[in-house]
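Commentary on secondary and tertiary structure
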Amino acid sequence: MASASVVDSQLNEVATKVKQYHFPVESIPRLSYDDPEAERLIRNEEPVILTGTNLVASALQWSPEYLSNNIGHGTYTVYSSKNHKFLYYDDKKICKVPTFTPPTTHQDMTFQDFLNKVTEWKEGEPYNYLQQSLNDSVGPQIVQDFAAFNWKWISDERAKNNWGALTSNLLLVGMDGVVTPVHYDEQQNFFAQVHGFKRFLLFDPSMFGCLYPYPVFHPHDRQSQVDFDNPDFDRFPRLRELKGRQAILGPGDVLYLPVYWWHQVESVPGYGMTVSVNFWYKSGPTEKIVYPLKPHQKVAMMRNIEKMITEALNNPEEVPPLLQDMVLGRYT
Ligand SMILES: CC1(C)c2ccccc2-c2ccc(C[C@@H](CC(=O)O)C(=O)C(=O)O)cc21
Ligand SMILES: [Zn+2]
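Residues numbered from 1 in each chain as written. Chains lettered and ligands numbered in written order. Predicted model: local features only at pLDDT ≥ 70, side-chain atom pairs only at ≥ 80, totals over all residues. Heavy atoms only, no water.

In the annotation of an unreviewed UniProt entry, the protein is listed under the name JmjC domain-containing protein and assigned to Littorina saxatilis.

What to know about the coordination of the zinc ion (ligand 2)
For the zinc ion (ligand 2), the full set of protein donor atoms is His183 (NE2), Asp185 (OD) and His263 (NE2), and the range of their distances to it is 2.1 Å. Along the chain, the residues that donate to the zinc ion (ligand 2) are spaced as H-x1-D-x77-H. Within this pair, whereas histidine 183 is found in strand 8 (residues 179-183), its partner histidine 263 is found in strand 13 (residues 262-267), the two being separated by 80 residues in sequence. Accessibility expressed as a relative area gives 9% for histidine 183, which makes it buried. In this structure histidine 263 comes out as buried when scored by relative accessible area, which is 5%. (Donors = N, O, S within 2.8 Å, 3.2 Å for Na, K, Ca; no water. Helix = DSSP H or I, 4+ residues; strand = E, 2+ residues; numbered from the N terminus. Buried < 20%, exposed > 50% of the residue type's maximum accessible area, 1.4 Å probe, protein only.)

Concerning the pattern of salt bridges
Two side chains of opposite charge can pair, provided their charged atoms sit close to one another. Per the stated rule, a full pass over the model turns up 17 salt bridges. The closest approach of N and O atoms between aspartate 8 and arginine 30, which form a salt bridge, is 3.4 Å. Residue aspartate 8 is found in helix 1 (residues 4-17), and its partner arginine 30 is found in strand 2 (residues 30-32); the two are separated by 22 residues along the sequence. Relative accessible area serves as the criterion here: at 31%, arginine 30 is assigned to the partly exposed category. Notably, a salt bridge pairs arginine 238 with glutamate 241, separated by 3.5 Å at the nearest N-O pair. Judged by its relative accessible area of 38%, arginine 238 is partly exposed. For glutamate 241, a relative accessible area of 42% puts it in the partly exposed group. Through salt bridges with shared partners, a single ionic network connects Lys19, Lys85, Asp227 and Asp229. (Salt bridge = Lys/Arg side-chain N within 4 Å of Asp/Glu carboxyl O.)

Points about the domain arrangement of the protein
Taken domain by domain, the protein comprises domain 1 (4-281) and domain 2 (295-327). Computed over C-alpha atoms, the centres of domain 1 and domain 2 are 29 Å apart. Facing 13 residues of domain 1, the contacting portion of domain 2 comprises eleven residues. Three residues, Val216, Phe217 and Tyr260, lead the burial of domain 1 against domain 2; their summed loss comes to 46% of the area buried on that side. Across the contact surface, domain 1 and domain 2 share two salt bridges. For arginine 303, the salt bridge is made with glutamate 186, and the minimal N-O distance between the two is 3.5 Å. Viewed at the interface, domain 2 and domain 1 are joined by five residue pairs in polar contact (both at pLDDT 80 or more). Tallied by class, the residues present in the side of domain 1 that touches domain 2 amount to seven nonpolar, one polar and five charged. (Domains from an automatic or database assignment. Contact = heavy atoms within 4.5 Å. Buried area = accessible area lost by both parts, 1.4 Å probe. Polar contact = N/O pair within 3.5 Å; in protein donor to acceptor, adjacent residues only side chain to side chain. Nonpolar A, V, L, I, M, F, W, Y, C, P; charged D, E, K, R; others polar.)

Section: the sheet that holds strand 13
Ordered in space as 1-11-10-13-8, the five strands form an open sheet in which the pairing is mixed. Of all strands in the sheet, those bounded by a partner on one side alone are strand 1 (25-27) and strand 8. Here the average twist between neighbouring strands, direction ignored, is 25°. Here strand 10 (residues 198-203) runs beside strand 13; their pairing, made up of six bridges, is antiparallel. When the sheet's bridge partners are listed, leucine 201 is paired in strand 13 with glutamine 264. (Pairing = 2+ DSSP bridges. Axes fitted to C-alpha atoms, helices over the stretch in contact; angles between N-to-C directions.)

Things to note about the packing of aromatic side chains
Tallying each qualifying case throughout the model produces 27 aromatic pairs. Considering the side-chain rings of phenylalanine 86 and tyrosine 129, the 5.4 Å spacing of their centres and the 85° angle between planes classify their relative orientation as edge-to-face. Taken as a pair, phenylalanine 86 in the loop between strand 4 (75-81) and strand 5 (104-110) and tyrosine 129 in strand 6 (residues 127-133) lie far apart in primary sequence, 43 residues in all. Judged by relative accessible area, which is 8%, phenylalanine 86 ranks as buried. Here tyrosine 184 and tyrosine 260 contribute two aromatic rings whose centre-to-centre distance is 5.8 Å and whose plane-to-plane angle is 35°, an arrangement assigned as tilted. (Phe/Tyr/Trp six-rings, centres within 6.5 Å; stacked < 30°, edge-to-face > 60°.)

So this is what it looks like as structure tokens:
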């Protein structure tokens, strides 16, 4: 297991290797889990990298080889993409957009088959990304490691911040260089890095207007239409106002990723396969409305308005003209 100082020096080296985009980025604070400032940031729903949580200390041995030898022969969902980007889509919304073509496919296979695919991968072949809820189909050694996660710490955090229930732990095993393009989720997330290095680009919820998400009824709901590798400033002019944050995670690091915060996640090219475990929690109930509303509350409001109009019109094609009639030349 790499010691903290080794990870620290590697993080500095990784920071010099990550790709730069058109927007400026500032670093996310990296604090010890028992630092009062870390607690304040989490309470205030701002991102922070936590060291020393031991949240997944028992999993720091989870190299892809260790997993292959201990995870058993159950099958796991493996996503495939013709390039290194894995744009999420919601199967259930495909019917709303007849012209939609899924950018990724997925199939179930054993961990061993997945690892063989990665080991034998050649330039030009599809990229693969294993994403699977940790469940009881895994081997006894993995169950033991999972049981040894620092559940006390994370359940105390959940209670302190009045979050809802833990909804899932995703085991994520990515090939060198895979990217999950910029999107937001509707859950609180403690993201634990186990093996390899991941770089997060983060944008606070007020950046909604600069990231041009797909319509709520679109299969790519919650994902940005923007491709950071090929930004279209004509179609998305407010991209120029974008300001980002950056977090580089090494083994043992835990990132608090607040609900509604935009994030793009990259398995840093050249640093090999990555293994991560995320902990998604339902966000807590809003005790009472306090004005001015927070940016993420306005995002939730816009989502509800889009859903209401789409359901009321009962035809996705009528949504754009109605919204344009309502806004263009009147609120622009
Ligand atoms: C790209 C992939 C494999 C996928 C394909 C199809 C459906 C869902 C997903 C999905 C969901 C979450 C992640 C983890 C993480 C991003 C990252 O670590 O790459 C992230 O965004 C988060 O923890 O919130 C990754 C994926
Ligand atoms: Zn996400």
